[in-house]
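# Examination of the molecular architecture
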Amino acid sequence: MRHEHDVEADIHRTIFSDEPIVRTFEHELLGARHVVHLDANGQIVQTEVYGLSKMNERQAQTVRKEFKAEVGRTEIIGSLDWTITECATGTILAQGRTEPALGEVSINTLEGPDGILAMKQFPLTDGFTFGVSTGLTDNMGLIGFALVARRTDERSFCWEWFNVDNERHAKKIQETGELAVVTDNPNGQWQIVRTEFLTDVSIRVMQRQEDGSGEDGPDMTPTWRVLVRRGSWVNWPSLVNGVVTPTTGRS
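Computed from a predicted structure; not experimentally measured.

What counts, and where the lines are drawn
- Residues numbered from 1 in each chain as written.
- Predicted model: local features only at pLDDT ≥ 70, side-chain atom pairs only at ≥ 80, totals over all residues.
- Heavy atoms only, no water.
- Phe/Tyr/Trp six-rings, centres within 6.5 Å; stacked < 30°, edge-to-face > 60°.
- Salt bridge = Lys/Arg side-chain N within 4 Å of Asp/Glu carboxyl O.
- Helix = DSSP H or I, 4+ residues; strand = E, 2+ residues; numbered from the N terminus.
- Buried < 20%, exposed > 50% of the residue type's maximum accessible area, 1.4 Å probe, protein only.
- Pairing = 2+ DSSP bridges.
- Polar contact = N/O pair within 3.5 Å; in protein donor to acceptor, adjacent residues only side chain to side chain.
- Contact = heavy atoms within 4.5 Å.

### A short note on the packing of aromatic side chains
The final tally for this structure, using the stated rule, is six aromatic pairs. Three or more aromatic residues joined by ring pairs form one cluster here, namely F122, F130 and W236.

What follows is the structure, given as structure tokens:
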């Protein structure tokens, strides 16, 4: 892996391999355009961030807040059938079915000049969390969102992006995976309020480490995989007047 930074054009490029590029996806985040190039096997060949300095400037202006649901709220918000695997050895670290309760949910918001991002998450098992990262917008037209799993006892990174290809359906941009989705506007902010797994979805979790370039970041080779099986679902709570509030997942 190598990094290139074109200061004049304000492009940061990370090259992972020399394989031919067969697919390209892009999305906006914090005022910067992110482009991901994939090979025939769905692996990352190259990533580009256009407007990195602008993104860094907006990150510096970002206000972070955390909201936790009321302890003891027992309403079930979902059901997930999952397996966590260590990639290097193929060892299954844990597996089971989780029915998260509202009282386990936390919502972290990032508010900046370009809008608000909300990370909704709950514990999946000891050492791992599962969540969704969704924009909070004034209009209904969400272009995408990310599913996120984290290992809590190590520094990790995960960002599995899904493109919303119609108002009820989303596809994983790398590898394979499809979700039925529902958006709604609690508190006047459009966001993802339900995900239902139409296929098995493998979520890659990378270990953050010094990559040798002087930048502290993840090696994009997954260290762990969280497999969520078809039929799993979550009705994601929302913030209403600063309170973590259950949603029906239907709009």
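### Side note on the pattern of salt bridges
The final tally for this structure, using the stated rule, is twelve salt bridges. A salt bridge links R204 to E160; the nearest nitrogen and oxygen atoms lie 2.7 Å apart. Taken together, the residues R204 in strand β18 (residues 201–210) and E160 in strand β14 (residues 160–166) connect sequence positions 44 residues apart. E175 is the salt-bridge partner of R204, the closest N and O atoms lying 3.9 Å from each other. Here R204 is found in strand β18, whereas its partner E175 is found in the loop between β15 (169–172) and β16 (178–184), with 29 residues between them in sequence. Accessibility expressed as a relative area gives 7% for R204, which makes it buried. Overlapping salt bridges bring together E160, K172, E175, R204 and R225 as one network.

### Thoughts on the pairing of strand β10 (residues 115–125)
As defined by bridge partners, strand β9 (residues 106–112) adjoins β10 across seven bridges and the pair is classed as antiparallel. Among the inter-strand pairings, N108 is bridged to a residue of β10, identified as M119. Where β10 meets strand β11 (residues 128–136), nine bridges bridge the pair, whose relative direction is antiparallel. Bridged to P123 within β11 is T129. Connecting β10 to the antiparallel partner β11 that follows it, the hairpin turn spans two residues, and G127 within it adopts a positive phi of roughly 95°.

### Topic: the side chain of S232
By secondary structure assignment, the location of S232 is in the loop between β20 (224–228) and β21 (233–235). With a relative accessible area of 1%, S232 lands in the buried category. Reaching out from S232, the side chain makes a polar contact with the backbone oxygen of R229 at a distance of 2.8 Å. Residue contacts for S232: discarding those within four places in its chain leaves S79, L80, D81, T195, E196 and F197.

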